[in-house]
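# Overview (structure and organization)
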Amino acid sequence: MQNFQGFPSEAITFFEGLERDNSKTYWEANKAVWESTVHKPMEDLLEDLEEEFPPLRLLRPYRDVRFSKDKSPYKLSIAAASETRGKGGVGLYIQLSSTGLMVAYGAYTMRSDQLERFRAALAHDLYGAQFEKLLSTLAALSLPVTSGGEAPLKTAPLGYTKDHPRIDLLRWKGAVVIKEFGVEEECLQTPQALEEVKAVWHGAEPLKDWLEAHVGPSREPSEKAGTRSR
């Protein structure tokens, strides 16, 4: 039986208010709204997704402000990921904010050992051609692969010439499919949103297969994870 019934419009209103007043006062005054229209629907969505995908962990709603000039205490979204690592993680991600729902799969930011394997595969005649083919395949499904969370290098990476036939891809520091569903899309407030999320992650399987074969998880020491179990 499906638990998820959609994200009520009040969830978007909650985040719009939090953007205007990111304070403990606002949070405490609206905590019941967050629990019922944001947190509970997201938990239901994640539970239903576990029938076909690995479990995702909800990220904490509190910002780590220790080393930030911005001391706003709360994140402006609720999100979950299948990976505990930020940089170096390869997996599923979902986020709800005032702009709508974002669904992603891939390596948002690669660590140095992953980048080395990623670029070696791109430079390979067969594997690089396979990556170019999957870019075209996913673009045709309206699931474009982007370069992730960091801007591509402006110059050729060390060990590669600037006239390499795949130099634009070799400059990437990540590879991720991102699909956004804006607040104006009717599916957001209905059970259909579950099917839309599934379609994105199933559609991204060519990227998943390629990354698993040629990049994989980072073997470098992991940073502390900013997640908690549901």
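The structure under discussion appears in the preceding block.
Residues numbered from 1 in each chain as written. Predicted model: local features only at pLDDT ≥ 70, side-chain atom pairs only at ≥ 80, totals over all residues. Heavy atoms only, no water.

Another point: the pattern of salt bridges. Under the defined criterion, the tally for this structure stands at 11 salt bridges. Here Arg117 makes a salt bridge to Asp113, at a shortest N to O gap of 3.4 Å. Here Arg117 and its partner Asp113 are both found in helix H4 (residues 112-123), four residues apart, which amounts to about one turn of the helix. You'll find Arg117 and Asp113 in the same group, each marked buried. Put simply, Lys208 and Glu212 hold a salt bridge, and the shortest N to O gap is 2.9 Å. (Salt bridge = Lys/Arg side-chain N within 4 Å of Asp/Glu carboxyl O. Helix = DSSP H or I, 4+ residues; strand = E, 2+ residues; numbered from the N terminus. Buried < 20%, exposed > 50% of the residue type's maximum accessible area, 1.4 Å probe, protein only.)

In this structure, the second largest pocket occupies an estimated 270 Å³ of space. In this structure, the second largest pocket is lined by 17 residues; those nearest its centre are Val90, Gly91, Tyr105, Lys208 and Glu212. Looking at the lining of the second largest pocket, the elements with two or more residues in it are strand E3 (91-97), helix H7 (192-203) and helix H8 (205-214). The element best represented in the lining of the second largest pocket is H8, accounting for four residues. Residue classes in the lining of the second largest pocket are distributed as nine nonpolar, four polar and four charged. (1 Å grid on protein atoms, 1.4 Å probe; cavity = no way out; pocket = protein on both sides within 12 Å on 5 of 7 lines; lining within 4 Å. Points joined across faces, edges and corners; volume = space filled by probe spheres on them. Nonpolar A, V, L, I, M, F, W, Y, C, P; charged D, E, K, R; others polar.)

Let us now look at empty space enclosed by the protein. Per the counting criterion, the structure on display carries one cavity of 30 Å³ or more. Computed from the structure, the largest cavity encloses a volume of approximately 40 Å³. Every residue along the wall of the largest cavity is listed here: Phe14, Phe15, Leu18, Trp27, Trp34, Pro61, Lys75, Ser77 and Ile78. Those elements that place two or more of their residues in the lining of the largest cavity are helix H1 (9-20) and strand E2 (77-81). Per element, the largest residue contribution to the lining of the largest cavity is three residues, and it comes from H1.

For the rest of this paragraph, the subject is H1. Taking 1.5 Å as the rise per residue, H1 with 12 residues should run 16 Å; its terminal C-alpha atoms sit 17 Å apart, in good agreement. For H1, the full list of buried residues reads Ala11, Ile12, Phe14, Phe15, Gly17 and Leu18. (Expected span 1.5 Å × (residues − 1).)

Between its first and last C-alpha, helix H5 (residues 125-140) extends 23 Å over 16 residues, near the 22 Å set by a 1.5 Å rise per residue. Those residues of H5 that sit buried are Gly128, Phe131, Leu134, Leu135 and Leu138. Seen along its axis, H5 keeps its buried residues to an arc of 115 degrees; they face one direction. Across H5 from its buried face, at more than 90 degrees, point the exposed residues Asp125, Lys133, Ser136 and Ala140. Each element contacted by the buried residues of H5 is listed here: H4, strand E5 (145-146), helix H6 (167-170), strand E6 (175-182), H7 and H8. (Arc of directions from axis to C-beta. Contact = heavy atoms within 4.5 Å.)

Moving on, we come to the packing of helix H3 (residues 31-49) against H7. Relative orientation of the contacting elements H3 and H7 amounts to 50 degrees, with a least axis distance of 11 Å. Classed by the angle they form, the pair H3 and H7 counts as oblique. Judged by the twist between their axes, the crossing of H3 over H7 is right-handed. Of H7, the residues touching H3 (which contributes Leu45, Asp48 and Leu49) are Leu194, Val197, Lys198 and Trp201. (Axes fitted to C-alpha atoms, helices over the stretch in contact; angles between N-to-C directions. Parallel < 35°, antiparallel > 145°, perpendicular 65-115°, else oblique. Left-handed = near helix turned anticlockwise from the far one by under 90°.)

The six strands lie next to each other as E1-E2-E3-E4-E6-E5, forming an open sheet whose pairing is antiparallel. Of all strands in the sheet, those bounded by a partner on one side alone are strand E1 (57-58) and E5. Sheet topology places E1 next to E2; two bridges connect them, and they run antiparallel. Each bridged residue has a counterpart across the sheet, and for Arg57 the counterpart in E2 is Ala81. Across the face of the sheet, H1 comes into contact with E2 and E3 while running at roughly 80 degrees to E3. (Pairing = 2+ DSSP bridges.)

Bear in mind that shape data such as this cannot, by itself, settle questions of function.
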